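Here is what each chain is made of, one letter per residue.
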Amino acid sequence: MIWLASRQPGIVGTVTSPRDCYMWRVSIASLQRQLRDFAVERDWEQFHTPKNLVMALAGEVGELTEIFQWLTPDESADVMVEAASAGRVREEMADVLAYLLRLSDVLGVDLEAALAKKIVKNAVKYPVETAQGVATKYTDLSSPQKPSE
Ligand SMILES: [Mg+2]
């Protein structure tokens, strides 16, 4: 499940306070269904091949990356302060999520299960004892744990 929030029902926005926002749960399946319906209504399923969706996803990641491309680390941390840049970030993140959800729908990938499995796998690859506070790839940690898969 993904938690989305807004001050107005039906409109997804930024949560500034749990008290001043309306929250509801939206399932991955529900979002996939909305995106599928959007494509079907426009006869766009013919274009939603895995290859095209992966390329569209990469394009949207590129658009998100472009926002941050020449910012300093401090500027990137403040990207949500200015309304215009915050809006662009929100929009590109939504585009990325939309294509990821559409791709997973077309390929029949259970994203919740895949992510849950990956979190467990990463916990094995990056044990707290060796990975805490360091940005080192698991293969270079002092006692690297090789994942079983
Ligand atoms: Mg975009």
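Residues numbered from 1 in each chain as written. Predicted model: local features only at pLDDT ≥ 70, side-chain atom pairs only at ≥ 80, totals over all residues. Heavy atoms only, no water.

> So what about the coordination of the magnesium ion? Which residues, and what values?
Taken together, the protein ligands of the magnesium ion are Glu60 (OE), Glu63 (OE), Glu92 (OE) and Asp95 (OD), with distances of 2.1 to 2.2 Å. We note that the donor set of the magnesium ion lies within a single chain, spaced as E-x2-E-x28-E-x2-D. Remark: Glu92 occurs in helix α4 (residues 83-107) and Glu60 occurs in helix α2 (residues 50-68); sequence separation between them is 32 residues. The class for Glu92 is buried, based on a relative accessible area of 13%. (Donors = N, O, S within 2.8 Å, 3.2 Å for Na, K, Ca; no water. Helix = DSSP H or I, 4+ residues; strand = E, 2+ residues; numbered from the N terminus. Buried < 20%, exposed > 50% of the residue type's maximum accessible area, 1.4 Å probe, protein only.)

> Hey, could you go over α4 for me, with residue numbers and the actual values?
If you check α4, its first and last C-alpha atoms are 36 Å apart, about what 25 residues at 1.5 Å a residue would give, namely 36 Å. Buried within α4 are the following residues: Ser85, Ala86, Val89, Glu92, Val96, Leu101, Arg102, Leu103, Ser104 and Asp105. Of the surrounding secondary structure, the elements contacted by the buried residues of α4 are α1 (28-41), α2 and α5 (111-125). At the C-terminal side of α4, Gly108 shows a positive phi close to 70 degrees. (Expected span 1.5 Å × (residues − 1). Contact = heavy atoms within 4.5 Å.)

> So what's going on with α1? Residues and values would help.
Its 14 residues place the ends of α1 20 Å apart at the C-alpha level, agreeing with the 20 Å of an ideal helix rising 1.5 Å per residue. Along α1, the residues that are buried comprise Ile28, Leu31, Gln32 and Ala39. The arc enclosing the buried residues of α1, seen along the axis, measures out at 100 degrees, which places them on a common side. Where α1 ends, the next residue or the one after it, Asp43, has phi of about 55 degrees, a positive value. (Arc of directions from axis to C-beta.)

> Would you mind going over the packing of aromatic side chains in detail, with residue names and values included?
This model, assessed by the stated rule, comprises 2 aromatic pairs. With 5.7 Å between their ring centres and 70 degrees between their planes, Phe38 and Trp44 make a pair best called edge-to-face. When its relative accessible area of 40% is taken as the criterion, Phe38 is described as partly exposed. Stacked on the ring of Trp44, the Lys or Arg Arg42 has its end atom at 6.0 Å from the ring centre. (Phe/Tyr/Trp six-rings, centres within 6.5 Å; stacked < 30°, edge-to-face > 60°. Lys NZ or Arg CZ within 6 Å of the ring centre and 35° of its normal.)

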